[in-house]
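These are the residues of each chain, in order.
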Amino acid sequence: GTELWAATDKLLGTEVRVLMLAPQIPVKQAVLDAARRSALVDGARLIRVLSVSDSADSVFVATEVPVGRNFASFLDGTPLRADQVHAIIGSLAQTLAAARQRGLRHLHITPESLWITPSNEVYVDGIGMAAALSNTQSPDMTPAEADRLEVRRLLGFAASLLTGSSLSDPDD
């Protein structure tokens, strides 16, 4: 299993979010690898990975704490304007393309995994790690299949924003 903790990094002097992984979780190495690689994505709006540990005592990924609101808080039945949704999806597509260049996919886009800052910047949480944790990243998935899945998830998210309510199945 996994647990999500809030903590203070004494070295950095800042609040962090810590994803604790059980040492025996089958997807442990895939999650840790994705976390390490996501730190290498340049210029993308990703929730930044600060530290990765795989020791006998603890297995964890520490990230910055997301700023702003996740998009789940917007799904109150009030649709967003089409031009707003267009800008949001465009920003997300650019971020996902930058991650793809590093061999990372999200593949599990949900309103809870996307954040908007007070300055209206959109950030993606869990790039690579969400796919590993959900065991979506199959070794048998071709790049074209991964592209289609990512696009379906983005379209489902766009539909949620346009209707103001969450879809029951993100692949609908």
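Here is a short report on the structure shown in this document. Keep in mind that what you see is a predicted model, and the values were worked out from it rather than measured.

## Section: the nonpolar core
Alright, step 1. The biggest cluster of nonpolar side chains holds 34 residues, and the ones touching the most others in it are Phe71, Leu92 and Phe157.
Alright, step 2. Going through the elements one at a time, β2 (14-21), α1 (28-38), β4 (59-64), α2 (82-100), β6 (114-116), β7 (122-124), α3 (129-133) and α4 (143-163) are the ones with two or more residues in this core.
Alright, step 3. Tallying contributions element by element places α2 first for this core, with six residues.
Alright, step 4. Setting aside anything within four residues of it in sequence, one finds Phe71 in contact with Ile88, Pro111, Leu114, Trp115, Ile116, Val122, Phe157 and Leu161.
Alright, step 5. Formed by five residues, the second largest nonpolar core is a distinct cluster that contains Val16, Val18, Phe60 and Ala62.

## Comments concerning α4
Residues that lie three or four places apart on an α-helix share one face, since the helix turns once every 3.6 residues.
Alright, step 1. Between its first and last C-alpha atoms α4 spans 30 Å; for 21 residues at 1.5 Å apiece the expected length is 30 Å, and the two agree.
Alright, step 2. Within α4, burial applies to Ala146, Leu149, Glu150, Arg153, Leu154, Gly156, Phe157, Ala158, Ser160 and Leu161.
Alright, step 3. Summarising the contacts, the buried residues of α4 are in contact with α2 and β6.
Alright, step 4. Remark: Gly164 follows α4 within two positions and exhibits a positive phi of approximately 80 degrees.

## With respect to the packing of aromatic side chains
Alright, step 1. Scanning the entire structure with this criterion turns up two aromatic pairs.
Alright, step 2. Taken together, a centroid distance of 5.3 Å and an interplanar angle of 35 degrees make the contact between Phe71 and Phe74 tilted.
Alright, step 3. A ring pair is formed by Phe71 and Phe157, whose centres lie 5.3 Å apart and whose planes are at 85 degrees; its orientation type is edge-to-face. A residue pair is termed long-range when its members are at least 10 positions apart, and Phe71 in the loop between β5 (69-70) and α2 and Phe157 in helix α4 qualify at 86 residues. As far as the burial class goes, Phe71 and Phe157 line up, both buried.

## Brief notes about the pattern of salt bridges
Side chains bearing opposite charge may pair, as long as their charged atoms lie close to each other.
Alright, step 1. Applying the stated criterion across every chain yields a total of eight salt bridges.
Alright, step 2. Asp54 is paired through a salt bridge with Lys28; the nearest N and O atoms lie 3.3 Å apart. Highlighted residues: Asp54 in strand β3 (residues 49-54) and Lys28 in helix α1, separated in sequence by 26 residues.
Alright, step 3. Among the residues examined, Asp54 registers a relative accessible area of 35% and is labelled partly exposed.
Alright, step 4. Residue classification places Lys28 among the buried residues on the basis of a relative accessible area of 15%.
Alright, step 5. When the shortest N-O distance is used, the salt bridge between Arg45 and Glu121 registers 3.5 Å. Remark: Glu121 occurs in the loop between β6 and β7 and Arg45 occurs in the loop between α1 and β3; sequence separation between them is 76 residues.

Thresholds, definitions, all that
Residues numbered from 1 in each chain as written. Predicted model: local features only at pLDDT ≥ 70, side-chain atom pairs only at ≥ 80, totals over all residues. Heavy atoms only, no water. Core = buried A, V, L, I, M, F, W, Y, C linked by side-chain atoms within 4.5 Å. Buried < 20%, exposed > 50% of the residue type's maximum accessible area, 1.4 Å probe, protein only. Helix = DSSP H or I, 4+ residues; strand = E, 2+ residues; numbered from the N terminus. Contact = heavy atoms within 4.5 Å. Expected span 1.5 Å × (residues − 1). Phe/Tyr/Trp six-rings, centres within 6.5 Å; stacked < 30°, edge-to-face > 60°. Salt bridge = Lys/Arg side-chain N within 4 Å of Asp/Glu carboxyl O.

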